[in-house]
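Letter by letter, the chains look like this.
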Amino acid sequence: MVPFYYKVAVLNMDADQKFGPIRKGLLEFLVLRIVSGTTVYVADILRRLADTEFATQEGTLYPLLSKLRREGLVDYEWQESESGPPRKYYRLTSAGRTQLADLDDYWSRINKTIAGLGS
Amino acid sequence: MQKVITVSLNGNAYQLDEAAYAQLAAYLTEAARALAGNPDSAEIIADLEQAIAEKCARYLSAHKNVVSGAELEQVIAQMGPVDDTQAAGAAGAAASAKPESAPGAASTHAGESSGAAPRRLYQISEGALVSGVCNGLAAYFNVDVTLVRVIFVVLIIVTGGLGLLAYLALMILIPYASTSEEHAAARGLPFNARALVERAKAKYAEFARNAERHIAGAPWRREWRRVRAEWRVERRRMREDWRAYRRSGYRRPLSPTPSPAADPAPIHYAAHLVTGAILAAIGLLLTLLTVAWVLALISLFRSGTVLGYALPHDMPFWVALIILIGLYQCVAWPIHHVRRALYASGGSYYGPWAAAWNGIIALAVVVVLLWYAAHHQAEVRGLFEQLMRWWQDIIAHHPTQDT
C-alpha cells in the first residue's frame, strides 16, 4: 500500500507541473510586488522568492528586470555597497505602480472566480 | 599542477582553473545566444557576470584565490539557465489587450514592434457627419469622436472660419480608409489575418446577440424573463458579496466592478447604482438647461432680451436667436453623448429603463417649476387662469359622450 505522504508528494509534483506555465507568467507580477515595497537589490528579490513556489534564479530574473525597465515599470539606481562594486537597486516607477494596481485587481478577480466556482 | 586562466568579469579579474573556465565560457556563450536580439543583452550579460563574480567571491579567501571547476559548477547551478522566454512571454501577456503577436523564438524586440502597429491618419466615412475627418482623427488619437468634433467647432468659431478651411484641406488631403488593412492602420491595430478573424468573430457575436434581442422579433415576454434572470443573478451576487464583506468584519473590500468594456452582460450592481446616479444628475442638468433655454427663447421673442439681459444695440434679433440655438446645441450635445454612452455601459436593458427615468425627472422638474411660477409670478398665474377658463369653455360646449 502506498503511504499517504507519498501520495501527497506525488500530487504536489503533479500540481507543480500543471501550474508551471502559470507560475512562470505570474513571476512578473510577483517581482513588481516585491519591488513595490522598498528599493531592492536583485539578491533581495531572489531571497524573497527562494522559499516559495516561485523560487527563481538570476538567469531568469535579470532578463525579466531588464524587460520591466524597458517597459518603464521599474527603474534602478546605482548604490555603493560595503563589499564589492556598486549595485543596482530597483524601484517601481509610477507607471509600474499603475500596472501593479491593475494586476492586483485582476488577480483578486481571478481568486474570486476560482472561489466562486465549484463548492 | 593546474593551469590558471584569469578572466575579467564585469571589470574585475578572477582566476579560474581550466575546467571552471570552460564551464563559464559555455554558460556565457549560451547566455549570449539566448539573449540574441534582446536590445539590452549587453547590460544583462554584464549583470550576470557581476552576479557570477559575487558568487565566486564566496569561494575565495586570502589563502585561496582560484575558483575550481566544481565550485563554478555550483555557481552556475545557482544562476540557472538564462531564460529570455520569460521576458518575451510576459511581454505577450502584458500586451494581451492587443491581439497576440506570436512570440515564439522571435526576439522580444520584434515582438514589441509588431505589437504596436504603425498608425496612419485616414478619413473614416462610417459614422461620419461630414466627410470623416473628425472620425479619422478620433481613431488616430484614440479619443471619442464627439470630443474631436467639439474641438473642431470651437476652433472654427474661435478662428472665425479658418478652421473650416483647415477641415476642407484635410478633407482633400487625407485618404479614405477603404480596405480593412487601412481601417486597422487608422486605429493603430496590428493587421494580421488572425486578429482580423478574431475581431470579425467578436463583431458577429455582438451582432447575433443584438439580433436575437431586437431584430428577430423576440417577444417582449422572453426578453423580460431574460432581464429578470439577469437581475436575479446580480442580486444573488451582490448578496453574497455583502455577506463576505460582513463576515470579514467590514474589512474586505467589496469586489471590484468589472469594466463595462470587457463584457456587456454581467454588470455589477454597484456599477448600476453609480451609473443610475450619474444618469439622474445628467437628466436633471439637461432638463434645467432646456428649461432655461426655452425661457430665454420666450423672453427673446416677447421682450427682445435674454433672461433680462438686453441684447447689444447692433445685434439683430435673428443673430441672437441663432447664437442661442447654437449655444444650447454646443452645451447639450456632449451631455447627450455622455448619456448615450452611459446607457450602453449599463448593459443592454438599461437604455429604456434610464430613458423612462429621464422622462420622469424632466416631467417632475417642469411640474415643480410651473407650480412655483404659478404661485409666485402674477403673469404666469394669469396665463393659468386664462387656460382654465378655456378648458371650462371646451367642457361646457362639448359635453363628453359618457354623461
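Residues numbered from 1 in each chain as written. Chains lettered and ligands numbered in written order. Predicted model: local features only at pLDDT ≥ 70, side-chain atom pairs only at ≥ 80, totals over all residues.

## Notes on the overall build of chain A
Logical step 1: Each helix and strand counted, chain A has five helices and three strands in total.
Logical step 2: From first element to last, N terminus to C terminus, chain A shows the α and β order α-α-β-α-α-β-β-α.
Logical step 3: Within chain A, the proportion of its 119 residues that are buried is 23%.
Logical step 4: For chain A, the proportion of contacts with a sequence separation of at least 24, taken over those separated by at least 6, is 47%. (Helix = DSSP H or I, 4+ residues; strand = E, 2+ residues; numbered from the N terminus. Buried ≥ 20, exposed ≤ 12 C-beta atoms within 10 Å, placed from the backbone. Contact = placed C-beta atoms within 7 Å.)

## Some words on the overall build of chain B
Logical step 1: Regarding its fold elements, chain B presents 15 helices and four strands.
Logical step 2: At a minimum sequence separation of 6, the contacts of chain B that also span at least 24 residues come to 54%.

## Topic: helix α3 (residues 42-50) of chain A
Logical step 1: For α3 of chain A, the complete set of buried residues consists of Val42, Ile45 and Leu46 of chain A. For α3 of chain A, the angular spread of buried residues about the axis comes to 95 degrees, placing them on one side. (Arc of directions from axis to C-beta.)

## Topic: the nonpolar core
When a protein is soluble and globular, its nonpolar side chains tend to lie buried together.
Logical step 1: Within the largest apolar cluster, 38 residues are counted, with the highest numbers of intra-cluster contacts made by Leu48 and Ile52 of chain B.
Logical step 2: Of all the secondary-structure elements, those providing two or more residues to this core are α2 (20-37), α3, α4 (58-70) and β3 (87-92) of chain A together with β2 (12-17), α1 (18-34), α2 (41-58) and α3 (69-79) of chain B.
Logical step 3: The residues touching leucine 48 of chain B, leaving out its near neighbours within four places in the chain, are Glu58 and Tyr62 of chain A together with Ala31, Met79 and Val82 of chain B. (Core = buried A, V, L, I, M, F, W, Y, C linked by C-beta atoms within 7 Å.)

## As for the pairing of β2 of chain B
All names here are of chain B.
Logical step 1: In the sheet, strand β1 (residues 4-9) pairs with β2 via six bridges, with the strands oriented antiparallel. Of the residues in β2, the one forming a bridge with valine 7 is tyrosine 14.
Logical step 2: Counting the residues in the hairpin turn of β1 and β2 gives two residues, including asparagine 10, whose phi is positive at 50 degrees. (Pairing = 2+ DSSP bridges.)

## Side note on the packing of helix α6 (residues 133-141) of chain B against helix α7 (residues 145-158) of chain B
Residues and elements named next belong to chain B.
Logical step 1: Taken N-terminus to C-terminus, the directions of α6 and α7 make an angle of 125 degrees; their axes are 8 Å apart at the nearest point. Between α6 and α7, the crossing angle belongs to the class labelled oblique. For α6 against α7, the interelement crossing comes out right-handed. Residues Cys134, Asn135, Leu137 and Ala138 of α6 lie in contact with α7, whose contacting residues are Val145, Val148, Arg149 and Phe152.
Logical step 2: In terms of residue class, the contact of α6 with α7 is made up of six nonpolar, one polar and one charged. (Axes fitted to C-alpha atoms, helices over the stretch in contact; angles between N-to-C directions. Parallel < 35°, antiparallel > 145°, perpendicular 65-115°, else oblique. Left-handed = near helix turned anticlockwise from the far one by under 90°. Nonpolar A, V, L, I, M, F, W, Y, C, P; charged D, E, K, R; others polar.)

## Thoughts on the environment of arginine 339 of chain B
Residue and element names in this part refer to chain B.
Logical step 1: Here arginine 339 shows up in helix α13 (residues 317-345).
Logical step 2: A tally of 18 C-beta atoms within 10 Å means that arginine 339 is categorised as partly exposed.
Logical step 3: A sequence separation of 64 residues divides arginine 339 from threonine 275, and the C-alpha atoms of the two residues are 9.6 Å apart.
Logical step 4: Those residues within four positions of arginine 339 in sequence are excluded, and the remaining contacts are Leu279 and Ile282.

## Things to note about the packing of α2 of chain B against α3 of chain B
Residues and elements named next belong to chain B.
Logical step 1: Following both chains from N to C, one finds α2 and α3 inclined at 130 degrees, their axes separated by 10 Å at the closest point. Between α2 and α3, the crossing angle belongs to the class labelled oblique. Read as a crossing pair, α2 and α3 show a hand that is right-handed. Residues Leu48, Ala51, Ile52, Lys55 and Cys56 of α2 form the contact with α3, whose own contacting residues are Val75, Gln78 and Met79.

## Section: the confidence of the model for chain A
Logical step 1: Per-residue confidence for chain A gives a mean pLDDT of 84, with 87% of residues at or over 70.
Logical step 2: Within chain A, the element-level pLDDT minimum falls on helix α1 (residues 4-18) of chain A, averaging 63, and the maximum on helix α5 (residues 94-116) of chain A, averaging 92. (pLDDT = per-residue confidence, 0-100.)

## A closer look at the sheet that holds strand β1 (residues 40-41) of chain A
Logical step 1: An order of β1-β3-β2 (chain A) is seen for the three strands of this open sheet, with the pairing classed as antiparallel. The outermost strands of the open sheet, each flanked by one partner alone, are β1 and β2 (74-79) of chain A.

## Focus: the confidence of the model for chain B
Where the model shows low pLDDT, its predicted coordinates should not be examined in detail.
Residues and elements named next belong to chain B.
Logical step 1: Of the residues in chain B, 69% reach a pLDDT of 70 or more, and the chain-wide mean stands at 72.
Logical step 2: In this model, residues 89-116 is a region of pLDDT below 50 whose contacts with residues beyond four sequence positions or in other chains number 45 contacts.
Logical step 3: Low confidence marks residues 256-266, where pLDDT is under 50. Its contacts with residues over four positions away, or in another chain, come to 14 contacts.
Logical step 4: Both scores are given for the predicted complex: the pTM is 0.39, the ipTM 0.77.

## Concerning α2 of chain B
Logical step 1: Between its first and last C-alpha, α2 of chain B extends 26 Å over 18 residues, near the 26 Å set by a 1.5 Å rise per residue.
Logical step 2: Among all positions in α2 of chain B, only Ser41, Ile44, Asp47, Leu48, Glu49, Gln50, Ala51, Ile52, Ala53, Glu54 and Cys56 of chain B are buried.
Logical step 3: In this structure, the buried residues of α2 of chain B make contact with α4 of chain A together with β1, β2, α1 and α3 of chain B. (Expected span 1.5 Å × (residues − 1).)

## Focus on the environment of leucine 311 of chain B
Logical step 1: Positionally, leucine 311 of chain B belongs in the loop between β4 (309-310) and α13.
Logical step 2: Residue contacts for leucine 311 of chain B: discarding those within four places in its chain leaves Gly304, Thr305, Val306 and Ala320 of chain B.

## Structural notes on the environment of isoleucine 52 of chain B
Residues and elements named next belong to chain B.
Logical step 1: If you trace the backbone, isoleucine 52 turns up in helix α2.
Logical step 2: Note on isoleucine 52: 24 C-beta atoms within 10 Å, which makes it buried.
Logical step 3: Put simply, isoleucine 52 and leucine 24 are 28 residues apart on the chain and 9.1 Å apart in space, counted from C-alpha to C-alpha.

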